[in-house]
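# Overview (structure and organization)
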Amino acid sequence: MDTEFWLESWQANQTGFHQEEINTCLVRYWPQLGLEQGSRVLVPLCGKSLDMLWLREQGHTVIGVELSRLAATAFFRENNMTPEVHETGRGTCYTHENMQLFCADFFSLAAEDVGPIDAFYDRAALIALTAAQRPGYATRLVQMLNRHTPGLLLTLDYDPLEMNGPPFAVSHDEVCRLFSHDCTIDHLQLFDALGENPRFRDSGLTELSGHVYQLRRR
C-alpha cells in the first residue's frame, strides 16, 4: 500500500475503515494507562477518527498524523473547528486548542517534529500497513516514545487466504516480534470481531479476531 493508494481512497470516499462511533475498546481500556490531565497523545495514521475527540475530552492534547489533506480538513470541518494552519519542513500542521494534526507521511516524521509524547493510540495504523511496512512503522513509533511511555494497540487477525487487506491480518506472534525488543506487551482482550464487521463476512471471511494490547516503552 503506497501513499497514492490511501490518497486515492480518500478522494474516492472509499473509507470503510472510518468508524462513526467512539471505539468501545478505547473507552474500556484507556483509563488503565493512568495518564494525567494534559498528557500528549500520539494517534498515528489517524484519518478523521472521532476517537481523537474522545481523547481530547479526557483532558489530553491530541497529536494526530495523517497523510491525506482531505481527511485532515474534513476532521476539523465536520467537528466545527477552525484550525490555524502552518507549513513545516515535513508537511502541514493544523492546530485548534489542544488538538494538533500533522498532514504528513508518518515515516518521514521524527521525534522532534511531534514533540514529547506521553502515550499513543493505534486503532487502524498497524493493520493498514503491509507486512513489509510494519517493521519500519514499529521502529518509527518506538523512536517517538520516551522510556515508560504507554500506548493502546488494536489489531485484527484472520486467515489471509480468505481476504486481501487492508485491513491486514496481524497475528499475536507478529505483535511480539515487532515490539517485544523495546516494549512490554500486555494482551488485554481477544474478541470475535466478525459480528461487528459484516462487510468482512461479505468479503469471504469466516473468522475475524480482534486484539487489544497495552504496550509500554522500556
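In what follows, the accompanying structure is described.

Each value, and the rule that gives it
Residues numbered from 1 in each chain as written. Predicted model: local features only at pLDDT ≥ 70, side-chain atom pairs only at ≥ 80, totals over all residues. Heavy atoms only, no water. Helix = DSSP H or I, 4+ residues; strand = E, 2+ residues; numbered from the N terminus. Rg over C-alpha atoms; globule rule 2.2 N^0.38 Å. Buried < 20%, exposed > 50% of the residue type's maximum accessible area, 1.4 Å probe, protein only. Contact = heavy atoms within 4.5 Å. Areas by Shrake-Rupley, 256 points an atom, 1.4 Å probe, with all protein chains shown as cover. Pairing = 2+ DSSP bridges. Core = buried A, V, L, I, M, F, W, Y, C linked by side-chain atoms within 4.5 Å. Axes fitted to C-alpha atoms, helices over the stretch in contact; angles between N-to-C directions. Patch = residues over 30% accessible without salt bridge, like charges linked within 9 Å, V, L, I, M, F, W, Y side chains within 5 Å. Salt bridge = Lys/Arg side-chain N within 4 Å of Asp/Glu carboxyl O. Lys, Arg positive; Asp, Glu negative; His and termini not counted. Charge placed at Lys NZ, Arg CZ, Asp CG, Glu CD.

## Some words on the overall build of the protein chain
On a plain count of helices and strands, the protein chain comes out with eight helices and nine strands. Its C-alpha radius of gyration of 16 Å places the protein chain within 12% of the 17 Å reference for a compact globule of 218 residues. Classification of the 218 residues of the protein chain by burial places 49% in the buried group. Relative to all contacts within the protein chain whose residues are 6 or more apart in sequence, the contacts with residues 24 or more apart total 69%. As presented, the protein chain carries roughly 10,500 Å² of accessible surface, and 47% of it is formed by carbon and sulfur atoms.

## Overview of the pairing of strand 9 (residues 209-217)
Pairing geometry for strand 7 (residues 150-157) and strand 9, over eight bridges, is antiparallel. Each bridged residue has a counterpart across the sheet, and for Thr-155 the counterpart in strand 9 is His-211. Where strand 8 (residues 183-192) meets strand 9, nine bridges bridge the pair, whose relative direction is antiparallel. Residue pairing in the sheet places His-187 in a bridge with Tyr-213 of strand 9.

## As for the nonpolar core
In this structure, Trp-30, Leu-42, Leu-55, Leu-152 and Phe-179 are the most contacted members of the largest nonpolar core, which totals 66 residues. Discounting residues that sit within four places of it in the chain, Phe-179 has contacts with Leu-126, Ala-138, Leu-141, Val-142, Leu-153, Ile-185 and Leu-215.

## Comments concerning the side chain of Thr-155
Here Thr-155 shows up in strand 7. Overall, Thr-155 belongs to the buried group, its relative accessible area being 3%. Contacts of Thr-155, omitting those with residues within four sequence positions, involve Leu-126, Ile-127, Val-170, Val-175, Ser-209, Gly-210, His-211 and Tyr-213.

## A word on the sheet that holds strand 8
Pairing within the open sheet is mixed, and its nine strands lie in the order 3-4-5-2-1-6-7-9-8. On the outer flanks of this sheet lie strand 3 (84-87) and strand 8, each paired with one strand and no other. The mean angle between the axes of side-by-side strands here comes to 20 degrees, regardless of whether they run parallel or antiparallel. As defined by bridge partners, strand 1 (residues 40-43) adjoins strand 2 (residues 61-66) across four bridges and the pair is classed as parallel. When the sheet's bridge partners are listed, Arg-40 is paired in strand 2 with Thr-61.

## Quick notes on a negative patch on the surface
Judged by side-chain charge, Asp-159, Asp-192, Glu-196 and Glu-207 come together as a negatively charged surface patch. Mapped onto the secondary structure, Glu-196 falls in the loop between strand 8 and helix 8 (198-202).

All quantities given are derived from atomic positions and should not be read as evidence of function.
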